[in-house]
Amino acid sequence: MRDYLAGIPHLHVMADEPLARHTRFGIGGAARLFCDAPDQDSFVAALKTLKQTGLPHVVMGGGTNLIVADAGFAGVVLRFSGAAIQAEGTLLRAEAGAVLQEVVDRSMALGLKGMQTMTGIPGFLGGAVYGNAGAYGQSIQERVVTVRATDGERTAAFSNADCHFQYRESWFKSHKDWVILEAELRFEEGDAAELQKAADEIRRIRDKKYPPSMKCAGSIFKNVFFAQLPQHVQAEVPAHLVRDGKVPAAWFLEQAGVMGTRRGDIQVATYHANLIYNDGAGTAADLVAVIRECKKRVEERFGFELEEEVQYVGFGGVDL
(Lines give C-alpha, C1' and ligand atoms only; values in the text may rest on other atoms or scores of the structure.)
Protein backbone atom coordinates (compact mmCIF):
# COMPACT_ATOMS: atom_id res chain seq x y z
CA MET A 1 0.00 0.00 0.00
CA ARG A 2 2.77 2.40 0.91
CA ASP A 3 4.64 1.67 -2.32
CA TYR A 4 1.85 3.19 -4.39
CA LEU A 5 2.38 6.57 -2.72
CA ALA A 6 6.17 6.49 -2.82
CA GLY A 7 7.72 9.19 -4.94
CA ILE A 8 5.03 11.85 -4.41
CA PRO A 9 7.06 14.93 -3.43
CA HIS A 10 6.42 16.42 0.03
CA LEU A 11 3.80 13.78 0.99
CA HIS A 12 4.40 12.75 4.60
CA VAL A 13 3.38 9.10 5.13
CA MET A 14 3.01 7.45 8.55
CA ALA A 15 2.14 3.80 9.14
CA ASP A 16 -0.28 2.69 11.86
CA GLU A 17 -0.91 6.24 12.99
CA PRO A 18 -3.44 6.51 15.87
CA LEU A 19 -6.29 8.68 14.63
CA ALA A 20 -7.06 9.66 18.22
CA ARG A 21 -4.15 12.09 17.80
CA HIS A 22 -6.00 13.84 15.00
CA THR A 23 -9.58 14.10 16.30
CA ARG A 24 -10.96 16.51 18.85
CA PHE A 25 -12.68 13.68 20.70
CA GLY A 26 -9.27 12.07 21.21
CA ILE A 27 -10.82 8.79 20.13
CA GLY A 28 -10.04 6.35 17.34
CA GLY A 29 -7.80 3.46 16.40
CA ALA A 30 -4.97 3.56 13.88
CA ALA A 31 -5.06 4.22 10.18
CA ARG A 32 -3.04 1.72 8.21
CA LEU A 33 -1.46 4.76 6.54
CA PHE A 34 -1.87 8.41 7.45
CA CYS A 35 -0.76 10.79 4.70
CA ASP A 36 -0.36 14.51 5.20
CA ALA A 37 -0.10 16.66 2.06
CA PRO A 38 1.21 20.17 2.80
CA ASP A 39 0.61 21.54 -0.71
CA GLN A 40 -2.06 21.18 -3.37
CA ASP A 41 0.12 19.35 -5.90
CA SER A 42 1.04 16.57 -3.48
CA PHE A 43 -2.55 16.25 -2.30
CA VAL A 44 -3.97 15.99 -5.84
CA ALA A 45 -1.28 13.46 -6.80
CA ALA A 46 -2.01 11.33 -3.74
CA LEU A 47 -5.78 11.45 -4.25
CA LYS A 48 -5.38 10.51 -7.93
CA THR A 49 -3.16 7.57 -7.01
CA LEU A 50 -5.57 6.31 -4.37
CA LYS A 51 -8.49 6.42 -6.78
CA GLN A 52 -6.59 4.78 -9.63
CA THR A 53 -5.34 1.94 -7.44
CA GLY A 54 -8.66 1.45 -5.69
CA LEU A 55 -7.08 1.56 -2.26
CA PRO A 56 -9.60 2.18 0.53
CA HIS A 57 -9.24 5.78 1.65
CA VAL A 58 -10.92 8.69 3.34
CA VAL A 59 -10.05 12.39 3.35
CA MET A 60 -10.11 14.26 6.63
CA GLY A 61 -9.56 17.84 7.71
CA GLY A 62 -9.07 19.10 11.24
CA GLY A 63 -10.87 16.13 12.81
CA THR A 64 -13.27 18.33 14.76
CA ASN A 65 -16.53 16.62 13.80
CA LEU A 66 -15.07 13.16 13.30
CA ILE A 67 -15.83 9.95 15.19
CA VAL A 68 -13.31 7.23 14.36
CA ALA A 69 -13.98 3.60 15.25
CA ASP A 70 -11.92 1.98 17.98
CA ALA A 71 -10.60 -0.45 15.35
CA GLY A 72 -9.37 2.49 13.29
CA PHE A 73 -9.40 2.50 9.50
CA ALA A 74 -7.84 -0.31 7.46
CA GLY A 75 -6.84 1.97 4.62
CA VAL A 76 -5.34 5.35 3.86
CA VAL A 77 -6.37 8.56 5.62
CA LEU A 78 -5.36 11.54 3.51
CA ARG A 79 -5.22 15.06 4.91
CA PHE A 80 -4.52 18.34 3.15
CA SER A 81 -2.74 20.79 5.46
CA GLY A 82 -1.99 23.63 3.03
CA ALA A 83 -2.78 26.76 5.03
CA ALA A 84 -1.88 29.83 2.95
CA ILE A 85 -4.06 32.92 3.42
CA GLN A 86 -3.89 35.88 1.01
CA ALA A 87 -5.74 39.18 1.24
CA GLU A 88 -6.81 41.48 -1.58
CA GLY A 89 -9.12 44.32 -0.60
CA THR A 90 -12.24 42.79 0.93
CA LEU A 91 -11.34 39.33 -0.38
CA LEU A 92 -9.45 36.56 1.40
CA ARG A 93 -8.19 33.49 -0.41
CA ALA A 94 -7.42 30.68 1.99
CA GLU A 95 -6.38 27.09 1.51
CA ALA A 96 -8.59 24.39 2.98
CA GLY A 97 -5.98 23.36 5.55
CA ALA A 98 -5.93 26.79 7.16
CA VAL A 99 -7.15 26.72 10.75
CA LEU A 100 -10.54 28.45 10.76
CA GLN A 101 -9.58 30.62 13.73
CA GLU A 102 -6.58 31.94 11.81
CA VAL A 103 -8.87 32.95 8.93
CA VAL A 104 -11.20 34.67 11.39
CA ASP A 105 -8.29 36.45 13.11
CA ARG A 106 -6.77 37.60 9.81
CA SER A 107 -10.09 38.99 8.61
CA MET A 108 -10.68 40.94 11.82
CA ALA A 109 -7.14 42.32 11.89
CA LEU A 110 -7.73 43.68 8.38
CA GLY A 111 -11.02 45.27 9.40
CA LEU A 112 -13.09 42.77 7.40
CA LYS A 113 -16.52 42.05 8.81
CA GLY A 114 -18.46 38.82 8.40
CA MET A 115 -16.78 35.96 10.24
CA GLN A 116 -16.22 37.42 13.70
CA THR A 117 -19.11 35.36 15.12
CA MET A 118 -17.26 32.17 14.12
CA THR A 119 -14.42 32.83 16.53
CA GLY A 120 -13.66 29.80 18.66
CA ILE A 121 -15.04 27.27 16.19
CA PRO A 122 -12.30 24.64 15.86
CA GLY A 123 -11.17 22.88 12.72
CA PHE A 124 -9.94 23.75 9.23
CA LEU A 125 -11.48 26.12 6.71
CA GLY A 126 -12.20 23.26 4.31
CA GLY A 127 -14.33 21.50 6.89
CA ALA A 128 -16.15 24.74 7.66
CA VAL A 129 -17.11 25.16 4.00
CA TYR A 130 -17.93 21.45 3.63
CA GLY A 131 -20.34 21.59 6.58
CA ASN A 132 -21.41 25.23 6.10
CA ALA A 133 -20.29 26.08 9.62
CA GLY A 134 -21.73 29.06 11.40
CA ALA A 135 -22.77 30.63 14.68
CA TYR A 136 -24.96 33.41 16.02
CA GLY A 137 -27.05 33.73 12.88
CA GLN A 138 -24.14 33.74 10.42
CA SER A 139 -22.88 30.94 8.17
CA ILE A 140 -19.79 30.72 6.03
CA GLN A 141 -21.97 30.44 2.92
CA GLU A 142 -22.55 34.20 3.22
CA ARG A 143 -18.83 34.80 2.65
CA VAL A 144 -18.02 32.23 -0.04
CA VAL A 145 -17.46 33.58 -3.55
CA THR A 146 -15.81 30.54 -5.12
CA VAL A 147 -14.47 27.19 -3.97
CA ARG A 148 -11.67 25.38 -5.75
CA ALA A 149 -11.89 21.61 -5.46
CA THR A 150 -10.53 18.42 -6.99
CA ASP A 151 -11.61 14.84 -7.58
CA GLY A 152 -8.02 13.77 -8.19
CA GLU A 153 -8.46 13.83 -11.95
CA ARG A 154 -9.85 17.32 -12.40
CA THR A 155 -9.67 20.60 -10.55
CA ALA A 156 -12.59 22.99 -10.87
CA ALA A 157 -13.97 26.23 -9.48
CA PHE A 158 -17.42 26.21 -7.91
CA SER A 159 -19.48 29.37 -7.48
CA ASN A 160 -21.48 30.01 -4.34
CA ALA A 161 -24.59 28.77 -6.16
CA ASP A 162 -22.75 25.64 -7.31
CA CYS A 163 -22.07 24.76 -3.67
CA HIS A 164 -25.81 24.42 -2.95
CA PHE A 165 -25.39 25.55 0.63
CA GLN A 166 -28.08 24.71 3.14
CA TYR A 167 -28.10 24.62 6.92
CA ARG A 168 -24.93 22.65 7.85
CA GLU A 169 -24.88 21.22 4.33
CA SER A 170 -23.15 21.76 1.01
CA TRP A 171 -22.84 20.02 -2.35
CA PHE A 172 -19.53 18.57 -1.19
CA LYS A 173 -21.23 16.57 1.56
CA SER A 174 -23.21 14.61 -1.01
CA HIS A 175 -20.35 14.44 -3.53
CA LYS A 176 -17.49 13.25 -1.34
CA ASP A 177 -15.33 12.40 -4.34
CA TRP A 178 -14.70 16.15 -4.65
CA VAL A 179 -12.38 17.64 -2.04
CA ILE A 180 -12.05 21.34 -1.25
CA LEU A 181 -8.61 22.86 -1.87
CA GLU A 182 -9.25 26.55 -1.22
CA ALA A 183 -11.97 29.15 -0.93
CA GLU A 184 -12.32 32.80 -1.85
CA LEU A 185 -14.25 34.76 0.77
CA ARG A 186 -15.71 38.24 0.46
CA PHE A 187 -16.23 40.48 3.49
CA GLU A 188 -17.69 43.86 4.35
CA GLU A 189 -15.57 46.70 5.62
CA GLY A 190 -15.57 47.11 9.38
CA ASP A 191 -13.62 48.44 12.32
CA ALA A 192 -10.92 46.06 13.51
CA ALA A 193 -11.23 47.06 17.17
CA GLU A 194 -15.01 46.67 17.20
CA LEU A 195 -14.83 43.31 15.45
CA GLN A 196 -12.28 42.05 17.97
CA LYS A 197 -14.39 43.27 20.88
CA ALA A 198 -17.44 41.39 19.57
CA ALA A 199 -15.35 38.28 18.94
CA ASP A 200 -13.85 38.39 22.43
CA GLU A 201 -17.32 38.36 23.99
CA ILE A 202 -18.39 35.45 21.79
CA ARG A 203 -15.20 33.60 22.66
CA ARG A 204 -15.85 34.11 26.37
CA ILE A 205 -19.30 32.54 26.02
CA ARG A 206 -18.09 29.72 23.79
CA ASP A 207 -15.14 28.81 26.01
CA LYS A 208 -17.44 28.61 29.01
CA LYS A 209 -19.75 26.20 27.16
CA TYR A 210 -17.02 24.31 25.26
CA PRO A 211 -13.71 24.71 27.14
CA PRO A 212 -10.77 24.50 24.69
CA SER A 213 -9.38 21.51 26.59
CA MET A 214 -12.66 19.60 26.43
CA LYS A 215 -12.54 16.57 24.12
CA CYS A 216 -15.75 17.13 22.19
CA ALA A 217 -17.12 18.11 18.80
CA GLY A 218 -19.20 21.03 20.00
CA SER A 219 -22.85 20.34 19.19
CA ILE A 220 -23.51 16.73 18.24
CA PHE A 221 -26.90 17.21 16.61
CA LYS A 222 -28.21 19.69 14.06
CA ASN A 223 -30.89 22.13 15.11
CA VAL A 224 -34.35 21.32 13.78
CA PHE A 225 -36.44 23.29 11.28
CA PHE A 226 -39.67 24.26 13.03
CA ALA A 227 -41.76 23.94 9.84
CA GLN A 228 -40.67 20.31 9.42
CA LEU A 229 -41.85 19.26 12.88
CA PRO A 230 -45.14 17.38 13.37
CA GLN A 231 -47.92 19.74 14.40
CA HIS A 232 -48.25 18.26 17.86
CA VAL A 233 -44.53 18.91 18.44
CA GLN A 234 -44.77 22.46 17.09
CA ALA A 235 -47.46 23.13 19.68
CA GLU A 236 -45.04 22.16 22.48
CA VAL A 237 -42.13 24.33 21.38
CA PRO A 238 -41.95 27.68 23.22
CA ALA A 239 -42.18 30.48 20.65
CA HIS A 240 -39.07 32.27 21.92
CA LEU A 241 -36.91 29.25 21.06
CA VAL A 242 -37.61 29.49 17.32
CA ARG A 243 -34.81 31.49 15.73
CA ASP A 244 -34.20 31.74 12.00
CA GLY A 245 -36.88 29.09 11.62
CA LYS A 246 -35.00 26.52 13.73
CA VAL A 247 -35.39 25.03 17.19
CA PRO A 248 -32.25 24.11 19.18
CA ALA A 249 -31.69 20.36 19.27
CA ALA A 250 -30.67 20.84 22.89
CA TRP A 251 -34.26 21.67 23.85
CA PHE A 252 -35.59 18.34 22.58
CA LEU A 253 -32.72 16.49 24.23
CA GLU A 254 -33.34 18.27 27.52
CA GLN A 255 -37.05 17.41 27.44
CA ALA A 256 -36.08 13.80 26.74
CA GLY A 257 -33.96 13.78 29.91
CA VAL A 258 -30.55 12.98 28.46
CA MET A 259 -28.45 15.50 30.40
CA GLY A 260 -25.85 13.74 32.53
CA THR A 261 -26.23 10.43 30.68
CA ARG A 262 -22.95 8.57 30.92
CA ARG A 263 -21.37 5.41 29.55
CA GLY A 264 -17.77 4.77 30.50
CA ASP A 265 -15.91 8.05 30.07
CA ILE A 266 -18.43 9.43 27.58
CA GLN A 267 -20.90 11.87 29.08
CA VAL A 268 -23.68 14.23 28.06
CA ALA A 269 -22.98 17.53 29.78
CA THR A 270 -25.13 18.37 32.77
CA TYR A 271 -25.53 21.97 31.58
CA HIS A 272 -26.02 21.51 27.81
CA ALA A 273 -27.94 18.57 26.40
CA ASN A 274 -26.39 18.82 22.92
CA LEU A 275 -22.84 18.49 24.23
CA ILE A 276 -21.28 15.04 24.51
CA TYR A 277 -17.66 14.82 25.58
CA ASN A 278 -14.86 12.38 26.34
CA ASP A 279 -14.14 12.72 30.04
CA GLY A 280 -10.92 10.74 29.91
CA ALA A 281 -10.28 7.49 28.10
CA GLY A 282 -13.59 7.23 26.29
CA THR A 283 -14.14 4.80 23.42
CA ALA A 284 -15.89 5.17 20.10
CA ALA A 285 -18.19 2.29 21.03
CA ASP A 286 -19.39 4.16 24.11
CA LEU A 287 -19.67 7.44 22.20
CA VAL A 288 -21.83 5.88 19.50
CA ALA A 289 -23.96 4.16 22.15
CA VAL A 290 -24.62 7.47 23.92
CA ILE A 291 -25.51 9.17 20.64
CA ARG A 292 -27.94 6.38 19.80
CA GLU A 293 -29.49 6.58 23.26
CA CYS A 294 -30.03 10.33 22.85
CA LYS A 295 -31.68 9.83 19.46
CA LYS A 296 -33.83 7.02 20.83
CA ARG A 297 -35.13 9.08 23.74
CA VAL A 298 -36.00 12.05 21.52
CA GLU A 299 -37.78 9.79 19.05
CA GLU A 300 -39.75 8.13 21.84
CA ARG A 301 -40.70 11.50 23.32
CA PHE A 302 -41.42 13.49 20.16
CA GLY A 303 -41.75 11.02 17.29
CA PHE A 304 -38.91 12.20 15.06
CA GLU A 305 -35.19 11.51 14.79
CA LEU A 306 -32.42 14.03 15.35
CA GLU A 307 -29.65 14.20 12.75
CA GLU A 308 -25.98 14.28 13.72
CA GLU A 309 -23.53 16.97 12.67
CA VAL A 310 -20.64 14.55 13.26
CA GLN A 311 -19.24 12.22 10.59
CA TYR A 312 -18.05 8.63 11.02
CA VAL A 313 -14.93 6.76 9.87
CA GLY A 314 -14.31 3.03 10.28
CA PHE A 315 -17.94 2.04 10.85
CA GLY A 316 -18.60 0.44 7.48
CA GLY A 317 -21.74 1.77 5.82
CA VAL A 318 -21.70 5.08 7.65
CA ASP A 319 -18.11 5.99 6.81
CA LEU A 320 -17.34 9.59 5.97
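Quantities reported herein were computed from a predicted structural model and do not represent experimental measurements.

Caption draft 1: Representation of the overall build of the chain within the structure. When helices and strands are tallied, the chain shows 9 helices and 21 strands. The globule rule puts the C-alpha radius of gyration for 320 residues at 20 Å, and the 20 Å found for the chain is close to it. With respect to the principal axes defined by its C-alpha atoms, the chain has extents near 60 × 50 × 35 Å. Every one of the 320 residues in the chain was classed for burial, and the buried ones make up 52%.

Caption draft 2: Broad picture of the sheet that holds strand β1 (residues 12-18). One open sheet accounts for 4 strands, arranged β1-β2-β5-β3; its pairing is mixed. Two strands bound the open sheet, and with one partner strand each, they are β1 and β3 (57-60). Mean inter-strand twist for the sheet, computed between neighbouring axes without regard to direction, equals 25°. Two strands pair when backbone bridges link them, and strand β2 (residues 30-37) and strand β5 (residues 73-80) are joined in this way by 6 bridges, in the parallel orientation. If you follow Cys-35 over to β5, its bridge partner there is Leu-78. Contacting β2, β3 and β5, helix α2 (residues 40-53) crosses the sheet at an angle of about 155° to β5.

Caption draft 3: Local environment of the side chain of Thr-64. Tracing the backbone shows Thr-64 in the loop between β3 and β4 (66-68). On the accessibility criterion, Thr-64 (12% relative accessible area) is buried. Here Gly-123 takes part through its backbone nitrogen, which lies 3.3 Å from a polar atom of the side chain of Thr-64. Setting aside chain neighbours within four positions, we find Thr-64 in contact with Arg-24, Pro-122, Gly-123, Cys-216 and Ala-217.

Caption draft 4: Summary view of the packing of aromatic side chains. Inspection of every chain in the model, using the stated rule, returns 13 aromatic pairs. Between Phe-158 and Phe-172 the ring centres are 5.2 Å apart and the planes differ by 70°, which places this aromatic pair in the edge-to-face class. You can see Phe-158 sitting in strand β12 (residues 155-159) and its partner Phe-172 sitting in helix α5 (residues 171-174), a full 14 residues away along the chain. A residue is classified by how much of its surface remains accessible, and Phe-172, at 0% relative accessible area, is buried. When the centroid spacing of 5.4 Å and the interplanar angle of 85° are considered together, the rings of Trp-171 and Phe-172 count as edge-to-face.

Caption draft 5: How the structure looks around the sheet that holds strand β11 (residues 144-150). Strand order in this open sheet of 5 strands is β6-β7-β13-β11-β12, and the pairing throughout is antiparallel. Strand pairing shows two members of the sheet lacking a second neighbour, β6 (85-88) and β12, which therefore form its edges. Strand-to-strand twist across the sheet, computed as the mean angle between neighbouring axes with direction ignored, equals 15°. Bridge count for β11 against strand β13 (residues 179-186) is 6 bridges, and the pairing is antiparallel. What sits directly across from Thr-150, in β13, is Val-179. Most of the contacts of α2 go to β13, to which it runs at about 145°, and overall it touches β7 (91-95), β11 and β13. Seen against the sheet, helix α3 (residues 100-109) touches β6, β7 and β13 and runs at an angle of roughly 160° to β7.

Scoring rules and cut-offs
Residues numbered from 1 in each chain as written. Predicted model: local features only at pLDDT ≥ 70, side-chain atom pairs only at ≥ 80, totals over all residues. Heavy atoms only, no water. Helix = DSSP H or I, 4+ residues; strand = E, 2+ residues; numbered from the N terminus. Rg over C-alpha atoms; globule rule 2.2 N^0.38 Å. Buried < 20%, exposed > 50% of the residue type's maximum accessible area, 1.4 Å probe, protein only. Pairing = 2+ DSSP bridges. Axes fitted to C-alpha atoms, helices over the stretch in contact; angles between N-to-C directions. Contact = heavy atoms within 4.5 Å. Polar contact = N/O pair within 3.5 Å; in protein donor to acceptor, adjacent residues only side chain to side chain. Phe/Tyr/Trp six-rings, centres within 6.5 Å; stacked < 30°, edge-to-face > 60°.

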